[in-house]
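Here is how the chains run, residue by residue.
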Amino acid sequence: DAAAQTAVVASWGRSMRLYGLKPDEGTPPNMLTDQELREAREELGSLIETAEIALDRLYSAVGGAGCCVLLADKNGVPVDRRGYEGDDATFCKAGLWTGAVWSEECEGTNGIGTALAEQRALTIHRDQHFRSRNTALSCTVAPIFDHRGRLMAAIDVSSARSDLTEGFVKL
(Lines give C-alpha, C1' and ligand atoms only; values in the text may rest on other atoms or scores of the structure.)
Protein backbone atom coordinates (compact mmCIF):
# COMPACT_ATOMS: atom_id res chain seq x y z
CA ASP A 1 0.00 0.00 0.00
CA ALA A 2 2.80 2.43 0.83
CA ALA A 3 4.40 1.88 -2.57
CA ALA A 4 1.07 2.47 -4.30
CA GLN A 5 0.54 5.68 -2.31
CA THR A 6 4.01 6.83 -3.33
CA ALA A 7 3.12 6.22 -6.99
CA VAL A 8 -0.06 8.28 -6.58
CA VAL A 9 1.80 11.13 -4.86
CA ALA A 10 4.51 11.11 -7.54
CA SER A 11 1.88 11.05 -10.28
CA TRP A 12 -0.08 13.95 -8.78
CA GLY A 13 3.18 15.90 -8.67
CA ARG A 14 3.90 15.15 -12.32
CA SER A 15 0.31 16.02 -13.24
CA MET A 16 0.53 19.48 -11.68
CA ARG A 17 4.16 20.50 -12.11
CA LEU A 18 5.35 18.64 -15.20
CA TYR A 19 2.14 18.59 -17.27
CA GLY A 20 0.44 21.72 -15.87
CA LEU A 21 -2.93 20.01 -15.52
CA LYS A 22 -5.75 21.15 -13.25
CA PRO A 23 -7.94 18.69 -11.32
CA ASP A 24 -11.17 20.55 -12.06
CA GLU A 25 -10.81 20.60 -15.86
CA GLY A 26 -13.99 18.89 -17.01
CA THR A 27 -13.22 18.13 -20.63
CA PRO A 28 -13.50 14.45 -21.59
CA PRO A 29 -10.40 12.54 -22.71
CA ASN A 30 -9.03 13.30 -26.16
CA MET A 31 -10.19 10.80 -28.76
CA LEU A 32 -8.15 9.53 -31.68
CA THR A 33 -9.64 9.65 -35.14
CA ASP A 34 -10.65 6.34 -36.70
CA GLN A 35 -7.48 6.43 -38.81
CA GLU A 36 -5.26 7.14 -35.77
CA LEU A 37 -6.91 4.26 -33.88
CA ARG A 38 -6.30 1.90 -36.81
CA GLU A 39 -2.65 2.95 -36.85
CA ALA A 40 -2.34 2.42 -33.07
CA ARG A 41 -3.83 -1.07 -33.45
CA GLU A 42 -1.48 -1.87 -36.33
CA GLU A 43 1.53 -0.75 -34.28
CA LEU A 44 0.74 -3.43 -31.66
CA GLY A 45 0.87 -6.07 -34.37
CA SER A 46 -0.17 -9.53 -33.24
CA LEU A 47 -0.50 -8.61 -29.53
CA ILE A 48 -4.18 -7.76 -29.94
CA GLU A 49 -4.95 -11.14 -31.47
CA THR A 50 -2.72 -12.94 -28.97
CA ALA A 51 -4.44 -11.19 -26.04
CA GLU A 52 -8.02 -11.94 -27.14
CA ILE A 53 -8.42 -15.14 -25.11
CA ALA A 54 -6.90 -13.56 -22.00
CA LEU A 55 -9.14 -10.49 -22.34
CA ASP A 56 -12.21 -12.70 -22.77
CA ARG A 57 -11.30 -14.80 -19.70
CA LEU A 58 -10.57 -11.75 -17.58
CA TYR A 59 -13.84 -10.12 -18.63
CA SER A 60 -15.77 -13.29 -17.82
CA ALA A 61 -14.31 -13.10 -14.29
CA VAL A 62 -15.01 -9.39 -13.63
CA GLY A 63 -17.72 -8.32 -16.08
CA GLY A 64 -20.55 -9.41 -13.80
CA ALA A 65 -19.28 -7.00 -11.14
CA GLY A 66 -19.73 -4.05 -13.51
CA CYS A 67 -16.18 -3.88 -14.81
CA CYS A 68 -14.82 -3.42 -18.30
CA VAL A 69 -11.48 -4.71 -19.58
CA LEU A 70 -9.23 -2.64 -21.82
CA LEU A 71 -6.02 -3.32 -23.70
CA ALA A 72 -4.13 -0.04 -24.11
CA ASP A 73 -1.02 0.70 -26.15
CA LYS A 74 2.14 2.20 -24.62
CA ASN A 75 0.73 5.69 -25.28
CA GLY A 76 -2.27 5.03 -23.03
CA VAL A 77 -4.81 4.51 -25.82
CA PRO A 78 -7.25 1.61 -25.40
CA VAL A 79 -7.20 -0.38 -28.64
CA ASP A 80 -9.43 -3.26 -27.55
CA ARG A 81 -12.24 -3.47 -25.00
CA ARG A 82 -14.61 -5.91 -23.33
CA GLY A 83 -17.72 -4.70 -21.51
CA TYR A 84 -21.37 -5.35 -20.83
CA GLU A 85 -23.57 -3.63 -23.38
CA GLY A 86 -25.82 -2.27 -20.62
CA ASP A 87 -22.83 -0.39 -19.14
CA ASP A 88 -21.50 0.93 -22.45
CA ALA A 89 -23.08 4.39 -22.15
CA THR A 90 -21.51 4.91 -18.72
CA PHE A 91 -18.06 3.76 -19.82
CA CYS A 92 -18.20 5.67 -23.10
CA LYS A 93 -19.15 8.90 -21.27
CA ALA A 94 -16.25 8.35 -18.84
CA GLY A 95 -13.87 7.80 -21.77
CA LEU A 96 -13.18 4.16 -20.98
CA TRP A 97 -13.44 3.36 -24.65
CA THR A 98 -11.21 2.47 -27.56
CA GLY A 99 -9.47 5.52 -28.98
CA ALA A 100 -9.52 7.62 -25.79
CA VAL A 101 -6.14 8.98 -24.71
CA TRP A 102 -5.40 8.02 -21.07
CA SER A 103 -1.74 9.00 -20.95
CA GLU A 104 -0.71 10.60 -17.67
CA GLU A 105 0.41 13.67 -19.63
CA CYS A 106 -3.15 14.19 -20.91
CA GLU A 107 -5.28 12.94 -18.00
CA GLY A 108 -3.07 13.20 -14.95
CA THR A 109 -3.11 10.38 -12.41
CA ASN A 110 -5.19 7.50 -13.76
CA GLY A 111 -4.84 3.74 -13.94
CA ILE A 112 -3.58 3.33 -17.48
CA GLY A 113 -1.40 6.43 -17.67
CA THR A 114 0.17 6.02 -14.25
CA ALA A 115 0.84 2.29 -14.66
CA LEU A 116 2.61 3.08 -17.93
CA ALA A 117 4.57 5.97 -16.39
CA GLU A 118 5.57 3.86 -13.38
CA GLN A 119 5.98 0.71 -15.49
CA ARG A 120 4.32 -1.40 -12.80
CA ALA A 121 0.94 -2.77 -11.82
CA LEU A 122 -1.20 -0.55 -9.64
CA THR A 123 -4.71 0.48 -8.69
CA ILE A 124 -6.03 4.03 -8.87
CA HIS A 125 -9.20 4.02 -6.79
CA ARG A 126 -11.80 6.75 -7.11
CA ASP A 127 -10.47 10.01 -5.58
CA GLN A 128 -6.86 9.02 -6.22
CA HIS A 129 -7.54 10.07 -9.84
CA PHE A 130 -6.17 13.52 -10.63
CA ARG A 131 -9.12 14.86 -12.60
CA SER A 132 -12.23 15.33 -10.48
CA ARG A 133 -14.44 14.02 -13.31
CA ASN A 134 -12.67 10.62 -12.99
CA THR A 135 -13.17 10.16 -9.24
CA ALA A 136 -16.08 7.77 -9.79
CA LEU A 137 -13.70 5.30 -11.47
CA SER A 138 -11.60 2.50 -10.03
CA CYS A 139 -8.88 1.17 -12.31
CA THR A 140 -6.44 -1.70 -11.82
CA VAL A 141 -3.75 -1.91 -14.49
CA ALA A 142 -0.72 -4.04 -15.30
CA PRO A 143 1.88 -3.13 -17.90
CA ILE A 144 2.82 -5.59 -20.65
CA PHE A 145 6.44 -5.89 -21.74
CA ASP A 146 7.82 -7.48 -24.89
CA HIS A 147 10.41 -10.29 -24.93
CA ARG A 148 13.19 -7.71 -24.55
CA GLY A 149 11.62 -6.07 -21.50
CA ARG A 150 10.37 -2.99 -23.37
CA LEU A 151 7.03 -1.52 -22.39
CA MET A 152 4.48 -2.13 -25.13
CA ALA A 153 0.97 -2.07 -23.65
CA ALA A 154 -1.18 -2.34 -20.53
CA ILE A 155 -4.21 -4.33 -19.49
CA ASP A 156 -6.84 -2.50 -17.44
CA VAL A 157 -9.87 -3.52 -15.41
CA SER A 158 -12.06 -0.51 -14.64
CA SER A 159 -15.30 0.07 -12.81
CA ALA A 160 -17.60 3.04 -12.41
CA ARG A 161 -19.58 1.40 -9.59
CA SER A 162 -19.56 3.24 -6.27
CA ASP A 163 -20.20 0.08 -4.25
CA LEU A 164 -16.91 -1.61 -5.14
CA THR A 165 -14.37 -1.28 -2.38
CA GLU A 166 -10.70 -0.62 -3.02
CA GLY A 167 -9.90 -4.12 -1.73
CA PHE A 168 -12.26 -5.71 -4.26
CA VAL A 169 -10.84 -3.62 -7.09
CA LYS A 170 -7.29 -4.75 -6.23
CA LEU A 171 -8.44 -8.39 -6.36
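Preceding block: the structure.
What comes next is a walk through the structure. Predicted model only: the values in this text are computed from it and were never measured.

## Side note on helix H3 (residues 47-62)
(1) Moving on: For H3, built from 16 residues, the straight-helix expectation of 22 Å at 1.5 Å per residue is met to within 8% by its first-to-last C-alpha distance of 22 Å.
(2) Moving on: The largest bend along H3 measures about 35° and falls at Ile 53.
(3) Moving on: For H3, the full list of buried residues reads Leu 47, Ile 48, Ala 51, Leu 55 and Val 62.
(4) Moving on: Along its buried surface, H3 packs onto helix H2 (34-43), strand S1 (67-73), strand S2 (78-82) and strand S5 (151-159).

## Here's the deal with the side chain of Gln 128
(1) Moving on: Within the secondary structure layout, Gln 128 lies in the loop between strand S3 (122-125) and strand S4 (138-145).
(2) Moving on: Polar contacts involving the side chain of Gln 128 include one to the main-chain amide nitrogen of His 125, which spans 2.9 Å.

## Here's the deal with a negative patch on the surface
(1) Moving on: A cluster of like negative charges, contributed by Glu 36, Glu 39, Glu 42 and Glu 43, occupies part of the molecular surface.
(2) Moving on: If you trace the backbone, Glu 42 turns up in helix H2.

## Here we look at the sheet that holds S3
Strand pairing in a sheet is mediated by backbone hydrogen bonds. Such pairs are either parallel or antiparallel.
(1) Moving on: A sheet is described by the order of its strands in space; here 5 strands give the open sequence S2-S1-S5-S4-S3, paired in antiparallel fashion. With partners counted over all chains shown, the strands left at the sheet margins are S2 and S3, one partner each. Geometrically, the sheet is characterised by an average inter-axis angle of 20° between neighbouring strands, direction not taken into account.
(2) Moving on: In terms of strand pairing, S3 meets S4 through 4 bridges, oriented antiparallel. Within the sheet, the bridge partner assigned to Thr 123 lies in S4 and is Thr 140.
(3) Moving on: Sheet contacts for H2: S1 and S2; angle to S2, the most-contacted strand, approximately 85°.
(4) Moving on: This element, helix H6 (residues 111-118), spans S1, S2, S3, S4 and S5 of the sheet and lies at about 145° to S3.

Criteria and thresholds
- Residues numbered from 1 in each chain as written.
- Predicted model: local features only at pLDDT ≥ 70, side-chain atom pairs only at ≥ 80, totals over all residues.
- Heavy atoms only, no water.
- Helix = DSSP H or I, 4+ residues; strand = E, 2+ residues; numbered from the N terminus.
- Expected span 1.5 Å × (residues − 1).
- Bend = angle between axes of the 7 residues up to and from the residue.
- Buried < 20%, exposed > 50% of the residue type's maximum accessible area, 1.4 Å probe, protein only.
- Contact = heavy atoms within 4.5 Å.
- Polar contact = N/O pair within 3.5 Å; in protein donor to acceptor, adjacent residues only side chain to side chain.
- Patch = residues over 30% accessible without salt bridge, like charges linked within 9 Å, V, L, I, M, F, W, Y side chains within 5 Å.
- Areas by Shrake-Rupley, 256 points an atom, 1.4 Å probe, with all protein chains shown as cover.
- Salt bridge = Lys/Arg side-chain N within 4 Å of Asp/Glu carboxyl O.
- Lys, Arg positive; Asp, Glu negative; His and termini not counted.
- Charge placed at Lys NZ, Arg CZ, Asp CG, Glu CD.
- Pairing = 2+ DSSP bridges.
- Axes fitted to C-alpha atoms, helices over the stretch in contact; angles between N-to-C directions.

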